[in-house]
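One-letter residues, chain by chain:
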Amino acid sequence: MLAGAVLMRSNYLCFILLYLLMPAAWAGDAVLRLTTHDLPPYSFRDSAQKLRGIAVEVVVCALGRVGMPYDIQVLPWARAQKLVEVGGADGFFAGSRNAERDAYAIQSTIIAEQQWRWYLMADNPIDPLSAGFIKHGQVSSFIGANMLDWLGENGYRVAVPPRDTAGLLKMLRAGRVDAILANNLVMDKLILEQGLEGTLRSVLLQDKPLGVYFSKVFVARHPAFLQRFNTEVELCRSHNTGS
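Keep in mind that this is a model prediction, so the values were computed, not measured. (Residues numbered from 1 in each chain as written. Predicted model: local features only at pLDDT ≥ 70, side-chain atom pairs only at ≥ 80, totals over all residues. Heavy atoms only, no water.)

A closer look at the nonpolar core
- Core analysis: the biggest nonpolar cluster contains 37 residues, and Trp118 and Tyr119 have the highest contact counts within it.
- Contributing elements (two or more residues each) for this core: α3 (77-85), β7 (115-121), α6 (146-153), α7 (165-173), β10 (179-183), α8 (184-193) and β11 (200-207).
- Val59, Met68, Ala112 and Phe218 belong to the second-largest nonpolar core, a separate cluster that totals 29 residues. (Core = buried A, V, L, I, M, F, W, Y, C linked by side-chain atoms within 4.5 Å. Buried < 20%, exposed > 50% of the residue type's maximum accessible area, 1.4 Å probe, protein only. Helix = DSSP H or I, 4+ residues; strand = E, 2+ residues; numbered from the N terminus.)

A closer look at the sheet that holds strand β6 (residues 105-107)
- Spatial strand order, β4-β1-β5-β12-β6: 5 strands in an open sheet with mixed pairing. Strands with a single pairing partner mark the edges of an open sheet, and in this sheet they are β4 (70-74) and β6. Strand-to-strand, the axes of this sheet are offset by a mean angle of 25 degrees, without reference to chain direction.
- Pairing between strand β1 (residues 32-36) and strand β5 (residues 91-95): 2 bridges, direction parallel. Its bridge partner lying in β5, Leu34 is registered against Gly91.
- Each of β1, β4, β5 and β12 (211-215) touches helix α2 (residues 54-66); the most contacted strand, β5, lies at about 135 degrees to it. (Pairing = 2+ DSSP bridges. Axes fitted to C-alpha atoms, helices over the stretch in contact; angles between N-to-C directions. Contact = heavy atoms within 4.5 Å.)

This is how it looks when you write it as structure tokens:
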């Protein structure tokens, strides 16, 4: 009797262990609903309309390893975030950390690096890191960006923001602002594409890495998901960089 009970208990524990090691069925959610925006080189559609990008590749790799079915919708950035806040989607990417997002969602481990950089015309001698620049410099970032919120919170003179980074670059070149705050990879790609090398200069403000923000409602429904996702992200990033 005792031996049989021990055997049954052993088999039960083995079953639980195997279940935890298998890709999850994630019952209760047919599909993980994610939102992103058009932000090359992090997320964009190629000529065949396939969603690509350095952030997309890491997220897709990790979700595939976790075994979570997903759907990714490309939206304007402010709307992509709002949809998660109101419960219309389960997460958005790629987002840097701020208090507003932390109120309704939880950020994953890093999926891609980012630097916040000031961009100025090359012949502009202003130091964007000086104390006087905060009071006198006219600046901007784009709608929905954490950078735009940061500028407002820190007392900068913020011009009416455009929809995207391309609009920011236009503002700067037109002389409507003294400097713009932008993601280094995104802006450097635009500068290269438009043949503007040497006409602008940049100054590092801070490193601000990017992650996926999953809604707190989703994380509460799947308490094991985030840790597993983070683990797979690390493996996917390590594989992609060859490190």
